[in-house]
Structure formats: structure tokens, C-alpha cells
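This is what each chain is made of:
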Amino acid sequence: MNVKEQLTQAMTMPFGKVLADTMASASFVDGVWSEHKITPLAPLQLSPGAHVFHYASSCFEGMKAHRGQDGRIRAFRMDRHMARFRNSAEMLCLPFPADDLCNRMIRELVSVCDHWVPEHPGTLYIRPTLIGTEASIGSAASPSKEALLYVVISPVGDYFQGGQRPLKLMVEAKKWRTSPEFGQAKAGSNYAAALKIIQDAKKKLGVDQVLFAPGGDVQETGAANFIMLNDRQLITKPLDNSFLPGITRDSILKLAQDLGYEVVERKITLQDLWEWIKNGEAALTGTAAVLAGVGTLVYEGKEILIGDGGIGPNTQRLRTALLDIQKGLAPDTHSWMNNI
Ligand code: PLP
Ligand code: COI
């Protein structure tokens, strides 16, 4: 299959299934980072004793490059993704390159693979990944002295199967997605910790995701942040260490402010949530999810509609505002788009 055919196929496949045929990598050995290599996509060769396999020393980023109306390719808010990546690495005691190595790896890979960037509504999902590679199965309480940083890229369509449709979420009022301090890290282990809860909810209730609200504190879902909005206001939980500081969340908050909404960052209790959804809208923000409307919540076995159960007009409006900037249809007033 040629690349064009693979791009078409990727739009109907599950998100992230199709990888481009080229990747970038750099390694950390003897205290120094190597220069990066751009190579054909290939399996990694790692010791079965590598730190990552035993002690989950793994973190990643998820960002996107867009093909604008003018045909040029631009990545969205690379600086913010790099800053969060560095923070995740620090939290996992993994080395992170001091200069702009990761930034250069991404730019070079995307330039070489420009034919892998689909036209909107397709985008190129970029997955920089950092793992501890030292072979040392006794290092449960010490960091990996060696690491591998690599970037793979994937042409993607919608994250949630079935395209633009209102989502159904189970509200989990007891269990945490991850440990309170670690929610801010984009660590592979956080996704592993939440997987069973999400999987059980999907199987038993047919939901798309779980909204974590431990002790009644509405935080985020397993793969996106949570906001509530109406014609006048946008409300979301203020940043703390318990959940991922989403870059889409930050962008939507800024766009909402530009459009005259009152943006309120405050704690959301379950009581607030039940009250809000009688008339208001709810949505998820994320690189993969973009801005996805929520139509139904399931709590203690009961289904509760949000408004009329559809995607709300304010959700649509803000989604279009963000996508228009990414497509190059609206001015990039916040300088979010980075030329590749
Ligand atoms: N929360 C979780 C757990 C996520 O996996 C993501 C996706 O990256 C987000 C929030 C949203 O973050 P961002 O908007 O930076 O993609
Ligand atoms: C993202 O939106 O980038 C995510 O990480 C979500 C998911 C694919 C894990």
C-alpha cells in the first residue's frame, strides 16, 4: 500500500494504529545524549532486564501537526508539550536532554515525513517517548542510568470511534485515576493504573470513558480533561498535581476568554455537576479528543442526560474556533502554530 492509501485507511482505523515508516531516536549512555538518528521504523532492541519493563520508567507526549489551508505544516504549541515532557521525565528520574534535541528530532522527522501529514480533518499525531533502558533488574529503588528517547508519528482521524457524537461517561466517585501527586505526569504507568476501571466500565455500561471524581472532586477522564460550559461561562477545575495540565484545556480557556465567556477555574463537586447539567453543557479537551461533547453521564447505574443529550452549541463553537486556528483559517493570535 502506498502512503496515500495508508492515509486514507488511517482515517477509518482505530486512532494511532497506522505508524509512518520512519522514526527518530537518540540515546543516553555514560551520562551523555547521542545526536539523533532518523531511521526506518523498526522494532527496538532492548534487554529483557531493561528498567522500563520492570519499574515502568516510561513517559510520553501527545501532540499534533496540522496541514494548513496553504498546504504548510505546523505543529501546535510545541514549547508547552516539551515543558510537560521534561516535567514527566523529572518525576520519573529519567534523564532529559538539556538542549532542544527533542524539538529538533520532531521537526526533522515531520519534515522528512511531510507526505504522512493528512489534510484536515486528518492530522499527524506525534508521540515522543522516553524510556529507561538500563539492564538492571535490581534497580527498583534507583533510576535507570541509560535511556532511549524516540519519536513515532501516526496519521489520525477522530479519537473516539464513530466520529462527532455525544460521549457517554461513567462517573467514578471513589477511585483515583492515579496517585494524587502523579496525575500531572504523562507517565505510562498512570494509564496502566486506570485501565481496569475504564475497561470494566466500558464492558459493563457501554461508556466511552470514565470521569474520575474521587471523594466528589471532579478531576478528568482517562485520556482528556473535563470542562462545563454554557452561553456565558466556562468552568473547570484549577490545575493541581492530581491531574494532567492539558494543553488543549489551556488553549480552550484562552479562546473562551477571547470570545467573551467568563472563565472560572474552581473546584467542581458532584453536586455542582448534577446542578450544571440540567441546563449546561459538558465537554472533554485533549490533543486526541480535541473538544468532544459529553451527552450522558452514568452514575450508580443511572443514566443522566446532559441537556438534551446532544453536543451543545457552545462546545461546537469553541471546537470550531480551535480547529480554525489549527487549519490556518483564523489568525493565530496567540502564536500557537509552529512552522515545521
Ligand atoms: N488528561 C489525560 C489523562 C490525557 O491523557 C490527556 C491527553 O493528552 C489530557 C488530559 C489532555 O491533555 P492535552 O490537551 O495536553 O492533550
Ligand atoms: C492525547 O490526547 O495526546 C493522549 O495522550 C490521549 C491518548 C491517546 C492517550
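Residues numbered from 1 in each chain as written. Chains lettered and ligands numbered in written order. Predicted model: local features only at pLDDT ≥ 70, side-chain atom pairs only at ≥ 80, totals over all residues. Heavy atoms only, no water.

Engineer: What am I meant to see in the site of ligand 2 here?
Structural biologist: Contacts to ligand 2 come from Phe-60, Gly-62, Tyr-125, Arg-127, Tyr-159, Lys-186, Tyr-191, Ala-223, Thr-287 and Ala-288. Residue Tyr-125 places a side-chain N or O atom 2.6 Å away from an oxygen atom belonging to ligand 2. Ala-288 places a polar main-chain atom, nitrogen or oxygen, 2.8 Å from an oxygen atom of ligand 2. Protein contacts shield 87% of the accessible area of ligand 2, which totals 280 Å² for the unbound molecule. Spatially, ligand 2 is embedded in the largest pocket. Counted by class, the shell around ligand 2 contains 6 nonpolar, 2 polar and 2 charged residues. (Near = heavy atom within 4 Å. Polar contact = N/O pair within 3.5 Å; in protein donor to acceptor, adjacent residues only side chain to side chain. Areas by Shrake-Rupley, 256 points an atom, 1.4 Å probe, with all protein chains shown as cover. 1 Å grid on protein atoms, 1.4 Å probe; cavity = no way out; pocket = protein on both sides within 12 Å on 5 of 7 lines; lining within 4 Å. Sits in = over half its atoms within 2 Å of the grid points. Nonpolar A, V, L, I, M, F, W, Y, C, P; charged D, E, K, R; others polar.)

Engineer: So what exactly am I meant to see when it comes to the pattern of salt bridges here?
Structural biologist: Applying the stated criterion across every chain, the model contains 18 salt bridges. For Arg-104, the salt bridge goes to Glu-35, with nearest N and O atoms at 3.2 Å. Of the two residues, Arg-104 is situated in helix 4 (residues 101–112) and Glu-35 in the loop between strand 2 (32–33) and strand 3 (37–40); the sequence distance between them amounts to 69 residues. For Arg-104, a relative accessible area of 28% puts it in the partly exposed group. Salt-bridge contacts for Glu-303 lead to Lys-168; the nearest nitrogen and oxygen are separated by 2.7 Å. Of the two residues, Glu-303 sits in strand 17 (residues 302–305) while Lys-168 sits in strand 9 (residues 167–172), which places them 135 residues apart along the sequence. We classify Lys-168 as partly exposed; its relative accessible area is 21%. The network of salt bridges with common partners includes Glu-35, Asp-99, Asp-100 and Arg-104. (Salt bridge = Lys/Arg side-chain N within 4 Å of Asp/Glu carboxyl O. Helix = DSSP H or I, 4+ residues; strand = E, 2+ residues; numbered from the N terminus. Buried < 20%, exposed > 50% of the residue type's maximum accessible area, 1.4 Å probe, protein only.)

Engineer: Could you clarify how one ought to interpret the pairing of strand 12 (residues 225–229) in this entry?
Structural biologist: The side chains of a regular strand alternate, first on one face of the sheet and then on the other. Within strand 12, 5 of the 5 residues are buried, which leaves the element mostly enclosed by the surrounding structure. Across the two faces of strand 12 the burial is the same, with Asn-225, Ile-227 and Leu-229 and Phe-226 and Met-228 all buried. Examined bridge by bridge, strand 12 and strand 15 (residues 281–286) share 5 bridges and lie antiparallel to one another. When the bridges of strand 15 are listed, Leu-229 appears paired with Glu-281. Connecting strand 12 to the next strand, strand 13 (residues 233–236), in antiparallel fashion are 3 residues. (Pairing = 2+ DSSP bridges.)

Engineer: What exactly am I supposed to notice about the pairing of strand 6 (residues 73–76) here?
Structural biologist: Neither face of strand 6 is open: one carries Ile-73 and Ala-75, the other Arg-74 and Phe-76, and all of them are buried. Pairing of strand 5 (residues 63–67) with strand 6, which is carried by 3 bridges, proceeds in the antiparallel orientation. Bridge pairing links Arg-67 to Ile-73 in strand 6. Between the antiparallel neighbours strand 5 and strand 6 lie 5 residues, among them Gly-71 with a positive phi of about 85°. Note that strand 6 and strand 18 (residues 337–339) share 3 bridges and pair antiparallel. Along strand 18, the bridge assignment pairs Ala-75 with Asn-338.

Engineer: So what exactly am I meant to see when it comes to the state of the cysteines here?
Structural biologist: Every disulfide links exactly two cysteines, by a covalent bond between their sulfur atoms. In total, this model carries 0 disulfides according to the counting rule given. Cysteine Cys-93 shares no disulfide, and the gap to the nearest cysteine sulfur, in Cys-59, comes to 11 Å. Of the residues examined, Cys-93 reaches a relative accessible area of 48% and is grouped as partly exposed. The cysteine Cys-113 is free of any disulfide, with Cys-102 supplying the nearest cysteine sulfur at 15 Å. (Disulfide = S-S within 2.5 Å.)

Engineer: Hey, could you run me through helix 4 in this one?
Structural biologist: Spacing of three or four residues puts side chains on the same side of an α-helix, whose turn is 3.6 residues. With 12 residues, helix 4 extends 16 Å from end C-alpha to end C-alpha; this agrees with the ideal 16 Å at 1.5 Å per step. Among all positions in helix 4, only Leu-101, Cys-102, Asn-103, Met-105, Ile-106, Leu-109 and Val-110 are buried. (Expected span 1.5 Å × (residues − 1).)

Engineer: Mind showing me how you'd approach the packing of helix 3 (residues 78–91) against helix 4 here?
Structural biologist: Two numbers describe a pair of packed helices, the interaxial angle and the distance between the axes. Running from N to C, helix 3 and helix 4 point in directions that differ by 130°, and their axes come no closer than 10 Å. It follows that helix 3 is oblique to helix 4 by the angle criterion. The handedness of the crossing between helix 3 and helix 4 comes out as right-handed. Where helix 3 abuts helix 4, its residues Met-78, Met-82 and Phe-85 lie against Cys-102, Asn-103, Ile-106 and Arg-107. In terms of residue class, the contact of helix 3 with helix 4 is made up of 5 nonpolar, 1 polar and 1 charged. (Axes fitted to C-alpha atoms, helices over the stretch in contact; angles between N-to-C directions. Parallel < 35°, antiparallel > 145°, perpendicular 65-115°, else oblique. Left-handed = near helix turned anticlockwise from the far one by under 90°. Contact = heavy atoms within 4.5 Å.)

Engineer: Could you clarify how one ought to interpret the nonpolar core in this entry?
Structural biologist: Soluble globular proteins: nonpolar side chains tend toward being buried together. Ile-106, Ile-126 and Leu-130 are the most contacted members of the largest nonpolar core, which has 40 residues in total. Broken down by secondary-structure element, the contributors of at least two residues to this core are helix 1 (3–10), strand 1 (22–29), strand 5, strand 6, helix 3, helix 4, strand 7 (123–132) and strand 8 (147–156). In terms of residues, this core owes the most to one element, helix 4, which gives 6 residues. Not counting chain neighbours up to four residues away, the residues in contact with Ile-126 comprise Glu-61, Gly-62, Met-63, Lys-64, Ala-65, Ile-106, Val-110, Val-151, Val-152 and Ile-153. Listed in part, the 27 residues of the second largest apolar core include Leu-273, Ile-277, Ala-282 and Leu-284. (Core = buried A, V, L, I, M, F, W, Y, C linked by side-chain atoms within 4.5 Å.)

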